[in-house]
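# Notes for the structure review
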Amino acid sequence: MTELRAAITGVAGYAPDYILNNEELSRMVDTTDEWIMTRIGIRERHILKGEGLASSDMGTEAVKLLLAKTNTNPEDVDLVICATVTPDMMFPATANIISDKCGITNAFSFDMNAACSSFLYALTTAQKFVESGTHKKVIVVGTDKMSAITDYTDRAVCPLFGDAAAAIMLEPTTEEVGIVDSIFRTNGTGRHHLYMKAGGSQRPATHETVDNKEHYIYQDGQTVFKWAVSKMADVSVEMMEKHNLKAEDLSWLVPHQANMRIIDAVANRMGLAKEKVMINIERYGNTTSATIPLCLWEWESKLHKGDNIILAAFGGGFTWGSTYLKWAYDPK
Ligand code: UT7
């Protein structure tokens, strides 16, 4: 039997219109454009405004564009995995809501949450369905309305995050392209350093949890920073060594966009020049599950069939990993 590989055959993204820049942020908390640019590297982020609008609405925009771009009939989609840490509600899955809004009626769908590594975990899961031959058109959509869980009085956290969505189509191929390999790790001791304190079964919402602002992102920034730098670089270098890839063999690194200094450190460890690193953090901030596909969407016209690409992420949990793929198509 011919071996099937899973290849990305299309990508689309969506960012809401409203732009929150550092100047506006510096009127909300005690911060400056200079501090945010030097320490994080973010100038502006998109924010989803509007009563009742949620992660599914952004995910729906991205998936509708993806369906149109790939000429896909929604009824032909077999599986939808939504990567998100900000689901519309605890249940049902945001993937189901997106599928319904997009007319995807013959698929099964579910959500995946591995904090900022959600998209990569979802991509590797989708890959297995495609490689097994059971599913032929699989959508992975990363969408996060981070503004819903960001405390805009906390200057240590609020500059970091933004809202966006992006989606990829994954299909089987017998060519030498597509996802080659992934390395993933989890270390649960990290759960104390980046999390939301309340709202789960351990500490359901009460007046007290709301008053204590426990439904917002809590993070010990310095610890997360140190882990992110070393672990994202470790798995990416491990991937290069495993596949005998030198820096010159790589076309692109697509890192999760959390902090410009983290991205620089990872690229340095891999020996990669900045021109080979997809970076759009300055314009979007950390959009959690959307960062990596959003980069692929923005860079799509520069990607060529056979390009060697490493995707790398680190997130709460702690979760981290890298995926090595060969891009499957030339600019259309
Ligand atoms: O994908 C995973 C998600 N999260 C991350 O990857 C985040 C990883 N961590 C980081 O990116 C960085 O730790 C931060 C950007 C969050 C913070 O940068 P830092 O260089 O670690 O700063 P710090 O927390 O050590 O704070 C340094 C100083 C403190 O003042 P003092 O105590 O030295 O007087 C902070 O109070 O900077 C102060 N500070 C700010 N000043 C101006 C913290 N936030 C701000 C701010 N504006 N927004």
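Being a predicted model, the structure only gives us computed values, none of them experimental.

## Structural notes on the overall build of the protein
Looking only at helices and strands, one finds ten helices and 13 strands in the protein. By its C-alpha atoms, the protein is 60 × 45 × 35 Å across when sized along the principal axes. Within the protein, the proportion of its 332 residues that are buried is 54%. Pairs at least 24 apart in sequence give 77% of the contacts found in the protein among residues at least 6 apart.

## What to know about the site of the ligand
The environment of the ligand is made up of 22 residues, and the closest members are Thr-31, Arg-39, Arg-155, Gln-222 and Asn-259. Trp-35 is positioned such that a nitrogen or oxygen atom in its side chain is 3.3 Å from a nitrogen atom of the ligand. Starting from 950 Å² of accessible surface for the ligand in isolation, the protein chains cover 74%. Placement of the ligand is best described as lying within the second largest pocket. Broken down by secondary-structure element, the contributors of at least two residues to the shell around the ligand are α2 (33–39), α7 (221–242) and α8 (260–270).

## Let's talk about the layout of surface pockets
Of the pockets and cavities examined, the largest pocket occupies roughly 1100 Å³. Every residue lining the largest pocket is counted, 35 residues in all, and those nearest its centre are Val-85, Asn-113, Ile-149, Tyr-195 and Met-196. With three residues, strand β9 (residues 194–196) is the single largest residue contributor to the lining of the largest pocket. Residue classes in the lining of the largest pocket are distributed as 19 nonpolar, twelve polar and four charged. No fewer than three residues from each of domain 1 (5–175) and domain 2 (179–326) sit in the lining of the largest pocket. Each pocket or cavity is described by its volume, and for the second largest pocket that value is around 730 Å³. In this structure, the second largest pocket is lined by 32 residues; those nearest its centre are Ala-156, Leu-160, Gln-219, Gly-221 and Gln-222. Taken together, the elements giving at least two residues each to the lining of the second largest pocket come down to α2, β10 (217–219), α7, α8 and β12 (308–315).

## Looking at the domain arrangement of the protein
Along its sequence, the protein is organised into domain 1 (5–175) and domain 2 (179–326). Put simply, the middle of domain 1 and the middle of domain 2, counted by C-alpha atoms, are 14 Å apart. Taken together, the contacts link 57 residues of domain 1 with 48 residues of domain 2. Both faces combined, the contact of domain 1 with domain 2 buries some 3900 Å², and carbon together with sulfur accounts for 60% of it. Taken together, the links from domain 1 to domain 2 amount to four salt bridges. The tally of links from domain 1 across to domain 2 stands at 20 residue pairs in polar contact (both at pLDDT 80 or more).

Cut-off values and rules
Numbering of residues begins from 1 in every chain and follows the order in which that chain's sequence is written. Selection of residues for local features in this predicted model requires a pLDDT of at least 70, selection of side-chain atom pairs for listing and counting requires 80 or more, and totals for whole chains, interfaces and linings are taken over all residues. Each side-chain value is worked out from all heavy atoms of the structure, with water and hydrogens disregarded. Strands here are runs of E lasting at least two residues and helices are runs of H or I lasting at least four, both read from the DSSP assignment and numbered beginning at the N terminus. Exposed residues in this analysis have more than 50% of their type's maximum accessible area, buried residues have under 20%, and partly exposed residues fall in between, with area computed by a 1.4 Å probe over protein chains only. In this analysis, two residues are considered to be in contact whenever any of their non-hydrogen atoms come within 4.5 Å of each other. Residues are counted as near a molecule or strand when any one of their heavy atoms sits within 4 Å of it. Distance and chemistry together define a polar contact, namely a pair of N or O atoms within 3.5 Å, with one atom able to donate a hydrogen and the other to accept it when in protein, and with adjacent residues in sequence counting only for side-chain atoms on both sides. Where accessible areas are quoted, they stem from the Shrake-Rupley method and a 1.4 Å probe; at the residue level, only the protein chains shown are allowed to cover. The rule is simple: put a 1 Å grid over the protein atoms alone, call a set of points where a 1.4 Å probe fits but cannot get out a cavity, call an open set with protein on both sides within 12 Å along at least five of seven lines a pocket, and count a residue as lining if it has an atom within 4 Å of a point. To be counted as sitting in a cavity or pocket, a molecule needs more than half of its atoms within 2 Å of that site's grid points. Grid points are joined across faces, edges and corners, and a volume is the space filled by probe spheres set on the points. When residue character is reported, Ala, Val, Leu, Ile, Met, Phe, Trp, Tyr, Cys and Pro are called nonpolar, Asp, Glu, Lys and Arg charged, and the others, Gly included, polar. Per the annotation, domain bounds derive from an automatic or database assignment of domains. Two parts placed together each lose some accessible area under a 1.4 Å probe, and the buried area is that loss summed for both. We define a salt bridge as a contact between a side-chain nitrogen of Lys or Arg and a carboxyl oxygen of Asp or Glu at a distance within 4 Å.

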